Amino acid sequence: MGGPQPASTEGSQSSRVDFIAGGLSGGLTRLMVAPLDVVKIRFQTQMHPDLSMPAMNQPPVKYKHVGQTFRTIIKEEGVLSLWKGNFTASLLWISFGAVQFATYERMSKIGVFGQLHASSSESRWKRMSWSLISGGVAGFVGTVATYPLDLVRTRLATQTEPKVYRGMTDCFMKILSSTGPAGLFRGLVPTVGEIIPYIALQFMTYEEAKILYQRFVGPFSQDTAIKQLCCGAVAGTLSKLAVLPLDTVKKRMQVSGFDRGHGQHFQVNGVIDCINQIFKREGWKGFYRGTAASLYKAAPAAALTFMTYEQCKRLLLKN
């Protein structure tokens, strides 16, 4: 991934392969990490005690840690609730994966970026810059193209009984009727602000981890699944830690005004107001709610995403 491609893989055929492999990667990864995603969202969207008010006057926090959250969700909503909103989320991951990888690979073949990455004599920082720029562009394009699905997925994952939305279509229609088309893009600004550095760092870290892996573990004539899993896990962990506060702000904005979200009713008027409310109520720790769940999800998700993409692409190019 990200190097000079044989002539037979260039052009529209290569783009189709990148698109299909990215979509397959997103769908397969989503199926396996869905429960962790639900737990992460519950942590990030529940309201925590207001530090400016006496603790005795505030309701207790419902979700305290990963294990307890799993048990609570299963007890109150059933095992299948761990895949709540999974159809919508699967569409999101498939669409985002397809657009993201197709865009990233396309960036490797155009202008100075392709030449920069193809040259082994270039300095390390130039190679890393190429990965950062390409990853950022891929993240931006993928996010804007799929954002309404992300918002609907979050709403479906945070609702409890009795349900507000009967499914994806009902959620879309109710958001449109209450807030108009703009409502489907609520939280887009912090999402783009999060996803550009997140995907940029993820791709850059993955590319560099592969080089270090090959240097210290041993040379390989081609990528192996184990190598891709290890490097993907490192990339997912480091990139998620870097942008977790932005992810929390995004999730809080997505459930803003949603009365059936977890915890107290949360209403914000933009990104700055959201940041101020979180800091005022919960302090800096409020931006790191669900860190454990986020990392438990980020590491395997990135590992599986990169591994399945590389392997699917290899198989597709053989046929």
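Note that this is a predicted model, so its numbers are computed, not measured. (Residues numbered from 1 in each chain as written. Predicted model: local features only at pLDDT ≥ 70, side-chain atom pairs only at ≥ 80, totals over all residues. Heavy atoms only, no water.)

## Observations regarding the overall build of the chain
The condition that has to hold: Segments assigned H or I by DSSP are reported as helices when at least four residues long, segments assigned E as strands when at least two residues long, and all are numbered from the N terminus. Here, residues are in contact when the closest pair of their heavy atoms is within 4.5 Å. Accessible surface is estimated by sampling points in the Shrake-Rupley manner with a 1.4 Å probe; for residues, cover comes only from the protein chains shown.
Regarding its fold elements, the chain presents 10 helices and 0 strands. Going residue by residue from the N terminus, the α and β elements of the chain occur as α-α-α-α-α-α-α-α-α-α. Summarising the internal contacts of the chain: among those between residues at least 6 apart in sequence, 78% fall at separations of at least 24. As presented, the chain carries roughly 14500 Å² of accessible surface, and 66% of it is formed by carbon and sulfur atoms.

## Comments concerning the packing of aromatic side chains
The condition that has to hold: Two rings belonging to Phe, Tyr or Trp (six-membered ring only in the last case) form a pair when the distance between their centres is within 6.5 Å. Interplanar angles under 30 degrees mark stacking, angles over 60 mark edge-to-face geometry, and anything in between is tilted. Burial classification: accessible surface area is computed with a 1.4 Å probe over protein chains only, and a residue below 20% of its type maximum counts as buried, one above 50% as exposed, and the rest as partly exposed.
Counted by the stated rule, this structure contains 9 aromatic pairs. Here the aromatic rings of Phe203 and Phe306 are separated by 5.5 Å at their centres, their planes lie at 90°, and the arrangement is edge-to-face. In this pair, Phe203 sits in helix 7 (residues 188-216) while Phe306 sits in helix 10 (residues 291-318), placing the two residues 103 residues apart along the sequence. In this structure Phe203 comes out as buried when scored by relative accessible area, which is 0%.

## Structural notes on the environment of Ile175
Checked against the element boundaries, Ile175 lands in helix 6 (residues 168-179). Contacts of Ile175, omitting those with residues within four sequence positions, involve Leu151, Val152, Arg155, Tyr165, Gly180, Gly183 and Leu184.

## What to know about a nonpolar patch on the surface
Applicable threshold: Patches here: salt-bridge-free residues with over 30% relative accessible area, like charges joined within 9 Å, nonpolar side chains (Val, Leu, Ile, Met, Phe, Trp, Tyr) joined within 5 Å. Any carboxyl oxygen of Asp or Glu that lies within 4 Å of a side-chain nitrogen of Lys or Arg is treated as forming a salt bridge with it.
Residues Phe19, Ile20, Leu24, Leu28, Leu31, Met32, Ile74, Val79 and Trp83 make up a contiguous nonpolar surface patch of roughly 810 Å² in combined accessible area. The dominant element in the nonpolar patch, judged by the number of residues it contributes, is helix 1 (residues 11-45), at 6 residues. Structurally, Trp83 can be placed in the loop between helix 2 (66-77) and helix 3 (86-107). Note on Trp83: relative accessible area 32%, which makes it partly exposed.

## What to know about the confidence of the model for the chain
Short version of the rule: pLDDT is a residue-level measure of predictor confidence that goes from 0 to 100.
Residues with a pLDDT of 70 or more make up 82% of the chain, whose mean pLDDT is 82. Within the model, pLDDT remains below 50 along residues 4-9, and this stretch shows 8 contacts once partners closer than five positions in the same chain are excluded. The model gives residues 260-264 a pLDDT under 50, and that stretch makes 17 contacts with residues more than four places away or in other chains.

## Section: the nonpolar core
One broad rule of soluble globular proteins: the nonpolar side chains tend to lie buried together. Under the convention used in this document: The nonpolar core is taken to be a set of buried Ala, Val, Leu, Ile, Met, Phe, Trp, Tyr and Cys residues, with the residues joined through side-chain atoms within 4.5 Å.
Grouped together as the largest cluster of nonpolar side chains are 19 residues, with contacts concentrated most on Ile199 and Phe203. Within the residue set of this core, elements represented by two or more residues are helix 3, helix 5 (124-158), helix 7, helix 8 (225-254) and helix 10. Sort the elements by how many residues they give to this core and helix 7 lands first, with 7 residues. Once residues lying within four places of it in the same chain are set aside, the contact partners of Ile199 are Phe96, Gln100, Gly135 and Gly139. One finds Trp93, Leu151, Cys171 and Met307 within the second-largest nonpolar core, a separate group that totals 17 residues.

## Considerations on the pattern of salt bridges
In the structure shown here, the tally under the stated rule is 18 salt bridges. The partner of Arg42 in a salt bridge is Glu77, with the nearest N and O atoms 3.1 Å apart. Here Arg42, found in helix 1, pairs with Glu77, found in helix 2; they are 35 residues apart in sequence, far enough to count as distant. Both residues of the pair, Arg42 and Glu77, belong to the buried class. The partner of Lys174 in a salt bridge is Asp170, and the shortest N-O contact between them spans 3.3 Å.

## Things to note about helix 8
Which entries qualify depends on this criterion: A helix's residues, less one, multiplied by 1.5 Å, set its expected span. To get the bend at a residue, fit one axis to the 7 residues ending there and another to the 7 starting there, then take the angle between the axes.
Along its 30 residues, helix 8 runs just 36 Å from first to last C-alpha, ending more than 12% under the 44 Å computed at 1.5 Å per residue. When the local axis directions of helix 8 are compared, the greatest deviation, roughly 60°, occurs at Val243, which is followed within four positions by the proline Pro245.

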